[in-house]
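Coordinate inspection notes
Single-letter residue listing:
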Amino acid sequence: MGPSDSPLSTWAALAGRWGLRAGRVLLAGARFEPPDGGGTGAGTGAEAADTAAALVADAVELGDLAVQGGLPLTTACADWTLAPLATLAGTLHARITDAHWLFDADVTVPVRDGAVDFDDVAVAHVGPDSRMGVSRLGIYVDAPNGRTYLFQFEQPTLAGVQLEQRSSLLGAWVADRGRLALQPFAESLLRQTARLRAGHGPTEQARQLLGRTALRGDLQLGDGELGGPGLRLRLTGRGEGHNAVGLQAQAVGQGLSVTLAHLRAADLALDLPGARLSATALHGRLSARVHLAADGAPQVSLQAAELRLEGVVLTPR
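Rules used in this analysis
- Residues numbered from 1 in each chain as written.
- Predicted model: local features only at pLDDT ≥ 70, side-chain atom pairs only at ≥ 80, totals over all residues.
- Heavy atoms only, no water.
- Pairing = 2+ DSSP bridges.
- Helix = DSSP H or I, 4+ residues; strand = E, 2+ residues; numbered from the N terminus.
- Phe/Tyr/Trp six-rings, centres within 6.5 Å; stacked < 30°, edge-to-face > 60°.
- Buried < 20%, exposed > 50% of the residue type's maximum accessible area, 1.4 Å probe, protein only.
- Contact = heavy atoms within 4.5 Å.
- Salt bridge = Lys/Arg side-chain N within 4 Å of Asp/Glu carboxyl O.

**Describing the sheet that holds strand β15 (residues 179-181)**
Judged by pairing direction, the sheet is antiparallel, and its 3 strands sit side by side in the order β7-β15-β12 without closing on themselves. With one partner strand each, in any of the chains shown, β7 (115-117) and β12 (161-162) form the two edges of the open sheet. Where β12 lies against β15, 2 bridges are found, and the strand directions are antiparallel. Looking at the pairing, Gln162 lines up with Arg179 of β15.

The structure is reproduced here in structure tokens:
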């Protein structure tokens, strides 16, 4: 078997299909094992994925890793699991410039125990402050010039939503602005994304505001399973401060930067073109930039200064 026919060259060719670049790759205890049914024959393209040997390693260290691709956020799928949101904690700060419905505004959104309580959300600007809340129609802002909806629900019974409550004495007075439990809300929203009809989801005004909204935030993810189409892993180490997320954007509509300085997870399973990657543990430093492509599809550019995977198995499929 010549060098071009080796299992390593076959996997290198597949890596090109993944849009993967790495400045440094170190493998410990690496070996090739025949796929089910035996054989380590060579080939290219689809044939290579069918016949390549599985790559197994005790550990893989990646440096200066870069990968980019689409996010499956517009695909309705029952396979979303966002357990780390159940205990999410932290604060989001937004600065909206020249918002025509409330002038320049500073918005502070506390997140406690995986939920946003709109009674605690502050929207400060020139003149009387505005308030945010959630009604059966969607997420809104009550500004001096009236109520504006930022996100409209397709159905009023979306999971994780506790609707606003009106005062029994003054019917027009909102006594409780409502609450969002982020895990069930986000999971149910993602599971129906592809079915959203026109007139639901983010409003046009909200889309325009994102182009004028600067954002920063510090959030602590909880432990638990995180997954969607083709991806599963289990976050660990919250008690030691792992999996804290930093958010930053000069204008959210132009892209959002996400950093995890101390990623720690276990039980990774990732579907790649022509292969499936599994690892018993991974940790490292990650950063990502999320933005919308010209066609409106969400895209992500992922970078890792250093990333270590343990108990790695890369299997052709």
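Following the structure, the description resumes.
**Observations regarding the packing of aromatic side chains**
According to the stated counting rule, one finds 3 aromatic pairs in the structure shown. Geometrically, the ring pair formed by Tyr140 and Tyr149 is edge-to-face, given 6.0 Å between the ring centres and 70° between the ring planes. For the pair Tyr140 and Tyr149, one class covers both residues: buried. By the ring-pair criterion, three or more aromatic residues cluster together here, those being Phe151, Phe153 and Phe185.

**A few points about helix α3 (residues 182-191)**
Counting buried positions over the 10 residues of α3 gives 8, a clear majority of the element. Inspection of α3 places Leu182, Gln183, Phe185, Ala186, Glu187, Ser188, Leu189 and Leu190 among the buried residues, and these make up the whole buried set.

**A look at the side chain of Asn243**
Structurally, Asn243 can be placed in the loop between β19 (231-235) and β20 (244-249). Among residues more than four places away in sequence, those in contact with Asn243 are Leu219, Gln220, Leu221, Leu235, Thr236, Leu260, His262, Leu263 and Arg264.

**Considering the pattern of salt bridges**
Under the counting rule described, the total for this entry stands at 16 salt bridges. A salt bridge links Glu306 to Arg285, with the shortest nitrogen-to-oxygen separation between them at 3.8 Å. A residue pair is termed long-range when its members are at least 10 positions apart, and Glu306 in strand β23 (residues 298-316) and Arg285 in strand β22 (residues 275-292) qualify at 21 residues. Glu306 sits in the partly exposed class, given a relative accessible area of 40%. For Arg285, a relative accessible area of 38% gives the class partly exposed. As a salt-bridge pair, Arg308 and Glu310 come within 3.0 Å of each other at their nearest N and O atoms. We classify Arg308 as partly exposed; its relative accessible area is 27%.

**Things to note about the sheet that holds strand β16 (residues 201-202)**
The pairing of strands in a sheet comes from backbone hydrogen bonds and takes either a parallel or an antiparallel form. With antiparallel pairing, the 4 strands of this open sheet are ordered in space as β9-β10-β11-β16. Strand pairing shows two members of the sheet lacking a second neighbour, β9 (131-134) and β16, which therefore form its edges. Across 6 bridges, the pairing between strand β10 (residues 138-143) and strand β11 (residues 146-152) is antiparallel. Pairing of Ile139 across the sheet is with Phe151, part of β11.

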